[in-house]
Amino acid sequence: MFQQGLVVYAKDKQRVSAFYQQTLGLVLEASDGEHDLLRGQGYEVVVHSIPRQYAAGIHIAEPPQPREDTPFKPTFVVSNLADLRRAVEATGGHLKPEAGAWHFRGHTVLDGWDP
């Protein structure tokens with residue numbers, strides 16, 4: 001049973017799905033033309049393709065920019081920030097420098113975003 005879940009809307013489902021698989025160690029459980037279901041570590045992430053008619057009007061900056069216009073910010077506990085940084089960079093995402101980290105409830109918190 002999974003206690004937490006997240007749906008991520010993506011212009012490029014394959015790229016975003018690969019990001020979450022590699023950075024969080026999630027496993028692709030199911031896939032169709034519009035959705036990838038990724039699971040692991042007590043949660044699941046559904047990567048949902050943005051319909052073409054909407055995706056055509058979306059520009060993805062290089063490097064990708066954080067989604068600042070949403071009231072939600074998902075968090076994930078990882079075992080090692082250095083390993084995470086390598087996976088994030090390899091999959092086209094971004095992680096802020098460690099100097100921008102803050103501490104909360106015994107964890108080091110560092111903002112990052114998917115491609």
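Everything here concerns the structure above.
Computed from a predicted model, the values in this text were never measured in an experiment.

Asker: Before we move on, could you go through the packing of aromatic side chains and cite the residues and values that matter?
Answerer: Enumeration according to the criterion identifies four aromatic pairs in this entry. When the centroid spacing of 6.1 Å and the interplanar angle of 55° are considered together, the rings of tryptophan 102 and phenylalanine 104 count as tilted. For tryptophan 102, a relative accessible area of 44% puts it in the partly exposed group. The class for phenylalanine 104 is partly exposed, based on a relative accessible area of 44%. Members of the aromatic cluster, each reached through a chain of ring pairs, are Phe19, Tyr20, Tyr43 and Phe76.

Asker: Describe the nonpolar core, and please don't skip the residues or the numbers.
Answerer: Judged by nonpolar contacts, the single largest core of 15 residues is most densely connected at Val16, Tyr20, Leu26, Leu38, Val45 and Val47. Sorting the residues of this core by element identifies β1 (4-10), α1 (13-24), β4 (43-49) and α3 (81-90) as the ones contributing at least two each. Broken down by element, this core gets its largest block of residues, four residues, from α1. The contacts of leucine 38, once residues within four sequence positions are left out, are Ser17, Tyr20, Gln21, Leu26, Val27, Leu28, Tyr43, Glu44, Val45 and Val47.

About the cut-offs
Residues numbered from 1 in each chain as written. Predicted model: local features only at pLDDT ≥ 70, side-chain atom pairs only at ≥ 80, totals over all residues. Heavy atoms only, no water. Phe/Tyr/Trp six-rings, centres within 6.5 Å; stacked < 30°, edge-to-face > 60°. Buried < 20%, exposed > 50% of the residue type's maximum accessible area, 1.4 Å probe, protein only. Core = buried A, V, L, I, M, F, W, Y, C linked by side-chain atoms within 4.5 Å. Helix = DSSP H or I, 4+ residues; strand = E, 2+ residues; numbered from the N terminus. Contact = heavy atoms within 4.5 Å.

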